[in-house]
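# Close look at the chain arrangement
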Amino acid sequence: MEILGEKVQLWLDSARFVKPKPAVYVLYDKKLNVLFIGDSENLQNQFTKYLDTNFENNECKQKTHTYQKLFVENPVEKKEQLLNSYKSEYGKLPDCNEV
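A short tour of the structure in this document, coming up. These figures come from a predicted structure and were not determined experimentally. (Residues numbered from 1 in each chain as written. Predicted model: local features only at pLDDT ≥ 70, side-chain atom pairs only at ≥ 80, totals over all residues. Heavy atoms only, no water.)

The next thing to look at is the overall build of the protein chain. Scanning the protein chain from N- to C-terminus turns up 4 helices and 4 strands. Tracing the protein chain from N to C terminus, the helices and strands come up as β-α-β-β-α-β-α-α. Over its C-alpha atoms the protein chain spans a radius of gyration of 12 Å, differing by no more than 12% from the 13 Å that the globule rule assigns to 99 residues. Over its C-alpha atoms, taken along the principal directions, the protein chain stretches across nearly 35 × 30 × 25 Å. Within the protein chain, the proportion of its 99 residues that are buried is 40%. Considering only contacts within the protein chain whose residues lie at least 6 apart along the sequence, 70% involve residues at least 24 apart. Across the protein chain, 14 positive and 15 negative side-chain charges occur, with their mean positions spaced 4 Å apart. (Helix = DSSP H or I, 4+ residues; strand = E, 2+ residues; numbered from the N terminus. Rg over C-alpha atoms; globule rule 2.2 N^0.38 Å. Buried < 20%, exposed > 50% of the residue type's maximum accessible area, 1.4 Å probe, protein only. Contact = heavy atoms within 4.5 Å. Lys, Arg positive; Asp, Glu negative; His and termini not counted. Charge placed at Lys NZ, Arg CZ, Asp CG, Glu CD.)

Structural data, given as structure tokens:
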């Protein structure tokens with residue numbers, strides 16, 4: 001289930017090439033189930049860190065197959081909105097946000 005209106009992209013193909021801008025992002029597994037909704041002041045640094053450390057050895061996030069990103073002025077606020085909407089619809093947070 002896609003949360004953002006942006007294109008879903010393959011993780012390994014394009015994660016290294018995102019811009020160094022503030023953004024919210026959604027990580028999905030192979031079946032497009034939402035794993036994690038996150039925010040970053042510099043998406044390029046965040047994704048590079050994930051790639052270099054295999055998601056900081058987080059087994060939940062290691063299931064990532066695809067992602068969406070949305071560059072926004074206030075990523076923390078947008079992330080909270082997305083998490084609240086997700087929780088309202090599904091009665092829980094995405095699996096990796098609950099850990």
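That shown, we press on.
This part covers the state of the cysteines. Enumeration over the complete set of coordinates arrives at 1 disulfide. A sulfur-sulfur distance of 2.0 Å marks the disulfide that ties Cys-60 to Cys-96. Between Cys-60 and Cys-96 the sulfur-sulfur dihedral comes to about -100 degrees; the bridge is accordingly left-handed. Linking Cys-60 in the loop between helix 2 (43-53) and strand 4 (66-71) with Cys-96 in helix 4 (residues 95-98), this pair joins segments that are 36 residues apart in sequence. (Disulfide = S-S within 2.5 Å.)

Attention now goes to the environment of Leu-83. As for its placement among the helices and strands, Leu-83 is situated in helix 3 (residues 75-90). The sequence separation of Leu-83 and Thr-48 amounts to 35 residues, and the corresponding C-alpha distance is 23 Å. Beyond its immediate sequence surroundings of up to four residues, Leu-83 is in contact with Ile-37, Leu-93, Pro-94 and Asn-97.

To continue, consider the pattern of salt bridges. Scanning the entire structure with this criterion turns up 4 salt bridges. Residue Asp-39 is joined to Lys-79 by a salt bridge in which the shortest nitrogen-to-oxygen separation is 3.3 Å. With a gap of 40 residues between them, Asp-39 in strand 3 (residues 34-40) and Lys-79 in helix 3 connect regions that are remote in the sequence. By relative accessible area, Asp-39 is classed as partly exposed at 22%. The exposure class of Lys-79 is buried, given its relative accessible area of 17%. Put simply, Asp-95 and Lys-92 hold a salt bridge, and the shortest N to O gap is 2.9 Å. For Asp-95, a relative accessible area of 42% corresponds to the partly exposed category. (Salt bridge = Lys/Arg side-chain N within 4 Å of Asp/Glu carboxyl O.)

Moving on, we come to the nonpolar core. Trp-11, Tyr-25, Leu-27, Phe-36, Phe-47, Tyr-50 and Tyr-67 are the most contacted members of the largest nonpolar core, which has 15 residues in total. Excluding residues that lie within four positions of it along the chain, Tyr-67 makes contacts with Lys-7, Val-8, Gln-9, Leu-10, Trp-11, Ser-14, Ala-15, Val-18, Val-26, Leu-27, Tyr-28 and Phe-47. Counting 10 residues, the second-largest nonpolar core is a separate cluster that includes Val-26, Val-34, Leu-82 and Leu-83. (Core = buried A, V, L, I, M, F, W, Y, C linked by side-chain atoms within 4.5 Å.)

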